[in-house]
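Observations on the model geometry
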Amino acid sequence: MLLLTPLATGVFLAAGKSAAAREDQPGNDERPQKGGLLVLSEGDHAREVIKLGDLMLGGPPVHAWPKDPKTSVNRKGSRLNEIVVLKLDRGELDEETRSRCADGIVAHSVICTHAGCPVSQWVKAEGRDKNVLEFNPRESAQVVFGPAPLRVAALSMQIATVP
């Protein structure tokens, strides 16, 4: 099985057995931790661990929450923990983004640096042929449009094989 594990902040996508979400448990508002999981934050499969097959090349983005693999606590107690995950063509990524991605899979905070609103639009920006959010996930999450003064936070990813 393949696991996708962010290094710096440390969450990972995994194909593995699911445990009941413990959202009201202590730690549900803690920041993502190294070695954690990513689980879907919306849709019919919300709270399920994200698998590599859940990500389509070129988008759309998948929204996720970090999850502690030891306690099964979904860290959705703080809206600041929501993450957007994308699978992009590695050849389209700038050097900084490639250094954080795993086979083209990138993850960023979904919280805008302007007023803390969630970033949600997956659109073609003026003068671009590829979809972007309010930031460009291919170019170090640089702001493309909107009033945000800074790019959104990024997670470093790594693919690992597990039994």
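Predicted model only: the values in this text are computed from it and were never measured. (Residues numbered from 1 in each chain as written. Predicted model: local features only at pLDDT ≥ 70, side-chain atom pairs only at ≥ 80, totals over all residues. Heavy atoms only, no water.)

**Concerning the overall build of the protein chain**
For clarity, the threshold we go by: Note on conventions: DSSP H or I runs of at least 4 residues are helices, E runs of at least 2 residues are strands, and numbering of each starts at the N terminus. Note on exposure labels: buried denotes an accessible area under 20% of the residue type's maximum, exposed denotes more than 50%, and partly exposed covers the range between, all computed with a 1.4 Å probe on protein chains only. Residue contacts follow a heavy-atom distance rule, with two residues in contact if any of their heavy atoms lie within 4.5 Å. Under the convention used here, a 1.4 Å probe and the Shrake-Rupley method define accessible areas, while residue burial counts only the protein chains that appear.
Counting its regular elements, the protein chain contains one helix and twelve strands. When the elements of the protein chain are put in sequence order from the N terminus, they spell out β-β-β-β-β-α-β-β-β-β-β-β-β. The buried share among the 163 residues of the protein chain stands at 47%. Considering only residue pairs separated by 6 or more positions, the protein chain has 59% of its internal contacts joining residues 24 or more positions apart. When the accessible area of the protein chain is evaluated, it comes to approximately 8400 Å², of which 49% is carbon and sulfur surface.

**Quick notes on unusual backbone geometry**
The omega torsion across Gly59 and Pro60 is 10°, close enough to zero to call that bond cis. In this structure, Asp103 takes a positive phi of about 55° despite not being glycine. Here Asp103 shows up in the loop between α1 (95-100) and β6 (105-109). Given a relative accessible area of 52%, Asp103 falls into the exposed group. You will see that Ala141, though not glycine, has its phi angle at about 60°, which is positive. Considering the arrangement of structural elements, one finds Ala141 in the loop between β9 (135-136) and β10 (142-143). On the accessibility criterion, Ala141 (0% relative accessible area) is buried.

**Digging into the environment of His114**
Counting through the fold element by element, His114 comes out in the loop between β6 and β7 (123-124). His114 sits in the partly exposed class, given a relative accessible area of 48%. Sequence separation of His114 and Arg151 is 37 residues, and the distance between their C-alpha atoms is 9.4 Å. In this view, His114 contacts Pro147, Ala148 and Pro149; residues no more than four positions away in its chain are not counted.

**Describing the confidence of the model for the protein chain**
Our working rule: Each residue gets a pLDDT score, which is the predictor's confidence in that residue and runs from 0 to 100.
When pLDDT is averaged along the protein chain, the result is 78, and 78% of the positions lie at 70 or above. The low-confidence segment residues 6-23 (pLDDT under 50) makes 72 contacts with residues lying over four places distant or belonging to another chain.

**Some remarks on the pairing of strand β3 (residues 36-40)**
Stated formally: Each pair of strands is called paired provided DSSP finds at least two bridges between the two strands.
Counting buried residues along β3, five of its five residues qualify, which places the element largely inside the surrounding structure. By the alternation rule, side chains of β3 split into Gly36, Leu38 and Leu40 and Leu37 and Val39, which are all buried. In this structure, β3 lies alongside strand β4 (residues 62-67), joined through four bridges in antiparallel fashion. Across the sheet, Leu40 pairs through a bridge with Ala64, a residue of β4.

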